Amino acid sequence: MILEVHNGCFEYFSGRPILKNIMFHLDGGQIMAVMGRNGIGKTTLIKCIVGILPWNEGFSMIEEVRSQVNKPIKGIGYVPQAHKVSFAYSVRDMVVFGKAGHQTYLAAPGKNDYALADDILDKMGIYDLRNQSCNELSGGQLQLVFIARALINSPRLLVLDEPEAHLDFRNQIRLLNLIKNVVLENKIACIINTHYPNHAMRIADKCFLLGEHDYRVGCTAQVMTEENIRTYFGVHSYSHQFQYNGETITTFAFLDEV
Ligand SMILES: Nc1ncnc2c1ncn2[C@@H]1O[C@H](COP(=O)(O)OP(=O)(O)OP(=O)(O)O)[C@@H](O)[C@H]1O
């Protein structure tokens, strides 16, 4: 087991709980999609898991190590929601400086670090951007660079907050395939916060559906259903299955508000 969350409870303001009695676990090689309405608490859940926010009750353990606030656990690669900020670094430097131990100018990265960064950038299809300044990138390109930066440390738990938000269709599919491959090849665990049920169906083994009063967690196909979309999002939907490359693909069409 890579991640365990045991009885996690969190509130920003006393008496207004956002997360109640959260329990789940993730094994190596598994991806879990976190879904729910805007403002329901998905980012808060992720921040509690990685130790940016303190659980009020309960705890999360990553490979047997209990997370503590302000004490980053080795082995987590966390990529927050994309914000367009100014970085004077080149793409390669941005990725390489993400490597633990190279965050200061005193610990200059070596040839091997740059070779690793190039390899990751190549796998992500953004090798051609390597010498470009991060200031010159689009929001989607910058998001991919941040994911490359998280991967350079070979995390055991990769946590991605809406990684596909700014990507075009091609890059969305490319990113989903990359996440799936990285997770399976390295037997790591991954949490992806997404607003796309089709993406959850495509790559996630588990789905965590967060509601106002409760949550559902389990096998994606059992959690991501028309009924749960109606209950947790207030939307009528229609799901359709077809075969592609020997795989059963499920897609949802969203019809109307309840
Ligand atoms: N630092 C904070 N202090 C107080 N309340 C906060 C804070 N951050 C978030 N909230 C509130 O907590 C709730 C959950 O926010 P969160 O960002 O976790 O939602 P989310 O499900 O990730 O939303 P979205 O899908 O829109 O990104 C919201 O009502 C939000 O306003």
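What you see as residue numbers is a count from 1 along each chain, following the sequence as written. Per-residue local features of the predicted model are confined to residues with pLDDT of at least 70, and side-chain atom pairs are confined, for both listing and counting, to 80 or more; whole-chain, interface and lining totals are unaffected and use all residues. Side-chain numbers come from the whole structure's heavy atoms, not from hydrogens or water.

**Q** Provide a residue-level description of the domain arrangement of the protein, including the pertinent values.
**A** Here the limits of each domain have been adopted from an automatic or database domain assignment. The assigned domain composition of the protein is domain 1 (1-75 + 157-171 + 189-257) and domain 2 (78-154). The C-alpha centroid of domain 2 is placed 26 Å from the C-alpha centroid of domain 1. Should any heavy atoms of two residues lie within 4.5 Å, those residues are counted as being in contact. Listed by partner, the interface residues are 14 residues for domain 1 and twelve residues for domain 2. Note: buried area is the sum, over both parts, of the accessible area (probe 1.4 Å) each one loses when the two are combined. Both sides of the domain 1 and domain 2 interface together cover about 1100 Å² of buried area, and 65% of this is carbon and sulfur. A per-residue breakdown of the area domain 1 buries against domain 2 is headed by L158, D161 and H166, which together make up 37% of the total. One side-chain nitrogen of Lys or Arg within 4 Å of one carboxyl oxygen of Asp or Glu is enough to make a salt bridge. In this assembly, domain 1 and domain 2 are joined by zero salt bridges.

**Q** Go over the site of the ligand with me, naming the residues and quoting the values.
**A** Here a residue is near a molecule or strand as soon as one of its heavy atoms is found within 4 Å of it. The full set close to the ligand counts 14 residues, and N38, G39, K42, T43 and T44 are the nearest of them. Here an oxygen atom of the ligand sits 2.6 Å away from a polar atom, N or O, in the side chain of K42. Only the protein chains shown count as covering a residue, and every accessible area follows the Shrake-Rupley method with a 1.4 Å probe. Contact with the protein chains hides 60% of the accessible area of the ligand, taken as 640 Å² for the molecule alone. Helix numbers and strand numbers start at the N terminus; a helix is a DSSP run of H or I with at least 4 residues, a strand a run of E with at least 2. Listing elements by their share of the shell around the ligand, those giving two or more residues are β1 (3-13) and α1 (42-50). By residue number, the principal contributor to the shell around the ligand is α1, which donates three residues. Per-class residue counts for the shell around the ligand are four nonpolar, seven polar and three charged. Throughout this description, a polar contact denotes any pair of N or O atoms lying within 3.5 Å of each other; where both atoms belong to protein, one of them has to be capable of donating a hydrogen while the other can accept it, and for residues adjacent in sequence the pair is counted only when both atoms sit in side chains. Amino acids outside the nonpolar list (Ala, Val, Leu, Ile, Met, Phe, Trp, Tyr, Cys, Pro) and the charged list (Asp, Glu, Lys, Arg) are all regarded as polar, and Gly is one of them.

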